[in-house]
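Survey of secondary and tertiary structure
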Amino acid sequence: MCLGIPGKVVHWLEREGAFSQAEVEFDGVRRVVHMACVTEAELGDYVVVHAGIAISRIDPIEAKRIFETIAGWGDDEGWRPERLEEPEAPQ
Amino acid sequence: MKYLDEYRDPEAARLLLDEIRRVSTRCWTLMEVCGGQTHSLLRHGIAAELEGTVELIHGPGCPVCVTDQEAIDFACQLAQRDDVILASFGDMLRVPGSRGSLLDARTAGARIQIVYSPLDAVQLARKHPEKQVVFFAVGFETTAPATALAVKQAARDQLDNFSLIVSHVRVQPAMESLVQAPDNRVQAFLAAGHVCTVMGYESYESFVEQYRLPVVVTGFEPLDLLEGILACVKQLEANEVRLENRYARTVQAAGNQSAQDLVREIYQICDRAWRGFGVIPEGGLELCLEWRQYDARTRFSEPALPVLGIDECRSFDVMTGHLKPPDCPHFRKSCNPESPLGAPMVSSEGACAAYYRYGMTASH
Ligand code: SF4
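Residues numbered from 1 in each chain as written. Chains lettered and ligands numbered in written order. Predicted model: local features only at pLDDT ≥ 70, side-chain atom pairs only at ≥ 80, totals over all residues. Heavy atoms only, no water.

**Comments concerning the overall build of chain B**
Worth spelling out the cut-off: Under the DSSP-based scheme used, a helix requires at least four consecutive residues in state H or I and a strand at least two consecutive residues in state E, with every element numbered from the N terminus. For each residue, the accessible area found with a 1.4 Å probe, counting protein chains only, is set against the maximum for its type, and the residue is called buried under 20%, exposed over 50%, and partly exposed in between. Between two residues, a contact is recorded if the distance between any of their heavy atoms is within 4.5 Å. Accessibility throughout is a Shrake-Rupley quantity obtained with a 1.4 Å probe, and a residue counts as covered only by protein chains that appear here. Residues counted as positive are Lys and Arg, residues counted as negative are Asp and Glu, and His and the chain ends are not counted. A single reference atom marks each charge: NZ on Lys, CZ on Arg, CG on Asp, CD on Glu.
Within chain B, the secondary structure is distributed over 16 helices and 11 strands. Out of the 364 residues belonging to chain B, those deemed buried represent 63%. Of all intrachain contacts in chain B linking residues separated by at least 6 positions in sequence, the fraction that spans at least 24 positions is 80%. If you sum the accessible surface of chain B, you get close to 13,500 Å²; carbon and sulfur atoms cover 48% of it. Across chain B, 35 positive and 47 negative side-chain charges occur, with their mean positions spaced 3 Å apart.

**Remarks on the environment of Glu25 of chain A**
All names here are of chain A. Definition in use: Within 3.5 Å is the distance limit for a polar contact, defined as a pair of N or O atoms, with the added protein rule that one can donate a hydrogen and the other accept it, and that residues adjacent in sequence qualify only through two side-chain atoms.
Relative to the helices and strands, Glu25 is located in strand S2 (residues 21-26). Taking the C-alpha atoms as reference, Glu25 lies 16 Å from Glu14; in sequence the two are 11 residues apart. Once residues lying within four places of it in the same chain are set aside, the contact partners of Glu25 are Gly7, Lys8, Val10 and Arg30. Among the polar contacts listed, one links the side chain of Glu25 to the side chain of Arg30, at a separation of 3.3 Å.

**A look at the environment of Pro173 of chain B**
Residues and elements named next belong to chain B. Along the chain, the position of Pro173 falls in helix H9 (residues 171-180). Taking the C-alpha atoms as reference, Pro173 lies 21 Å from Gly219; in sequence the two are 46 residues apart. Excluding anything up to four places from it in sequence, Pro173 contacts Ile280, Pro281, Glu282 and Gly283.

**Examining the interface of chain A and chain B**
Going by this rule: Accessible area, probed at 1.4 Å, shrinks when two parts are joined; the buried area is that loss added up over both. Salt bridges are defined by distance alone: a side-chain nitrogen of Lys or Arg within 4 Å of a carboxyl oxygen of Asp or Glu.
Counting from both sides, the interface comprises 43 residues of chain A and, opposite them, 50 residues of chain B. Carbon and sulfur atoms supply 69% of the area buried between chain A and chain B, which totals about 3,900 Å² over both sides. Across the contact surface, chain A and chain B share 1 salt bridge. Residue Glu227 of chain B pairs with Arg65 of chain A through a salt bridge whose shortest N-O separation is 3.1 Å. Those elements giving two or more residues to the side of chain A that touches chain B turn out to be strand S1 (5-14), strand S4 (46-50), strand S5 (53-57) and helix H1 (60-71) of chain A. When residues in the side of chain A that touches chain B are grouped by element, the largest group, 8 residues, is from H1 of chain A.

**Remarks on the packing of helix H7 (residues 118-127) of chain B against helix H8 (residues 144-156) of chain B**
What describes two packed helices is the angle between their axes and the distance between those same axes. All names here are of chain B. The condition is simple: Angles shown run from 0 to 180 degrees and are taken between the N-to-C directions of axes, each axis being a line fitted to C-alpha atoms and, for helices, limited to the stretch in contact. Throughout this description, any angle smaller than 35 degrees is read as roughly parallel, any larger than 145 degrees as roughly antiparallel, any in the 65 to 115 degree range as roughly perpendicular, and the remainder as oblique. Each crossing gets its handedness from the near helix: less than a right angle anticlockwise from the far helix is left-handed, clockwise is right-handed.
Put simply, H7 and H8 touch, their axes get as near as 8 Å, and they point 25 degrees apart. Overall, the two elements H7 and H8 adopt an arrangement that is roughly parallel. Considering only the axes of H7 and H8, their crossing is right-handed. Contacts between H7 and H8 involve Pro118, Leu119, Val122 and Arg126 on the former and, on the latter, Ala146, Thr147, Leu149, Ala150, Gln153, Ala154 and Arg156.

**With respect to the environment of Glu202 of chain B**
Residue and element names in this part refer to chain B. Note on placement: Glu202 falls in the loop between helix H10 (193-199) and helix H11 (204-211). Given a relative accessible area of 48%, Glu202 falls into the partly exposed group. Spatially, the C-alpha atoms of Glu202 and Ala253 are 5.7 Å apart, while their sequence positions differ by 51 residues.

Right under this line is the structure:
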């Protein structure tokens, strides 16, 4: 119920206050999402969507932090941060 | 999918597991507050991997599970009216009220529609002007902005056939009632990430201070959970008590202001009965006076029905960490997903459903 799924903002439909809407892509599938709470999101940004509305923008720099932290612990066979995609440039 | 798959990296998870085992000198008892986290912990085998290192107990963070029987009875009662379409999240359908579930009501002919968003229920009201559409509004602070937006849309479109059964609950008052109990077992909390996405986590400062328990804001993917657990264990081992945010890619200290503004405009804080818990002071949200016309309890003058029978479900003991689902005398016997005695067996965030689904049979 409280889960939110990340999706990429691909197309703004309406960008005015309480009734803002955008198309957001989840694993290749596009859905219309209410954007009243994340009107500052730019195309290409990832947002967390819950019950049909976006509740937060994902910070791509913070998203890498854990990988950088644990990269220091592993042996040479272990995980390396390069495996995480670079944040995509806004379209 | 980006921001999901990479947080399931098995090698990174192994490093985190090793680190948790390395820093632990004894078995700590942590509570993950959110039912979504419970499912993730069991699905990915984290609870089993950490057995003996960390005991994970499953908190009250499933809004479907804590929805009072009386609210379900009222929803069934309205659904049976000819002029009503009841809209609900699918999770609510099998949850037993004291007079059966919404699914039972549907089998008996009631018109009940599953929706994925409260905004879909508004759409339904637009499509069926001849009917009253009632949305069963359950959920924590995460979901409240979506239902607030639905009310605003209904107002904008001047829909007079849309209303809500408001059963929103607030998570922090429940955490407080839990730690105030003399038999509290929780030594640290993994706070519910998506509630904090909306509400922020500043309000936990005083909670941490008052109850002297570490609180770590945690996400839902295996690496998020393992990092949250590691942060708790490190604090406990160092005898420290702090508030930490380990879900910073999504959660900011002040939360989402627009979402909070929406909620504040439409709702006000109220005392609310939580199933199994009784009334929790300030444990819920209700519509403000200005928006009360959207309250189904105001709109329909149905006679109040008394709640019938006794609730055999032991969900309170499960959600306070005193009973593991497999140790409930009903588990897999008189209680299973097809015929549940309580909500935790059917909700997609219920702890009993998680144990049933992921094959956990023995006590952990
Ligand atoms: S197994 Fe069934 S009866 Fe027991 S606590 Fe879980 S939902 Fe309730």
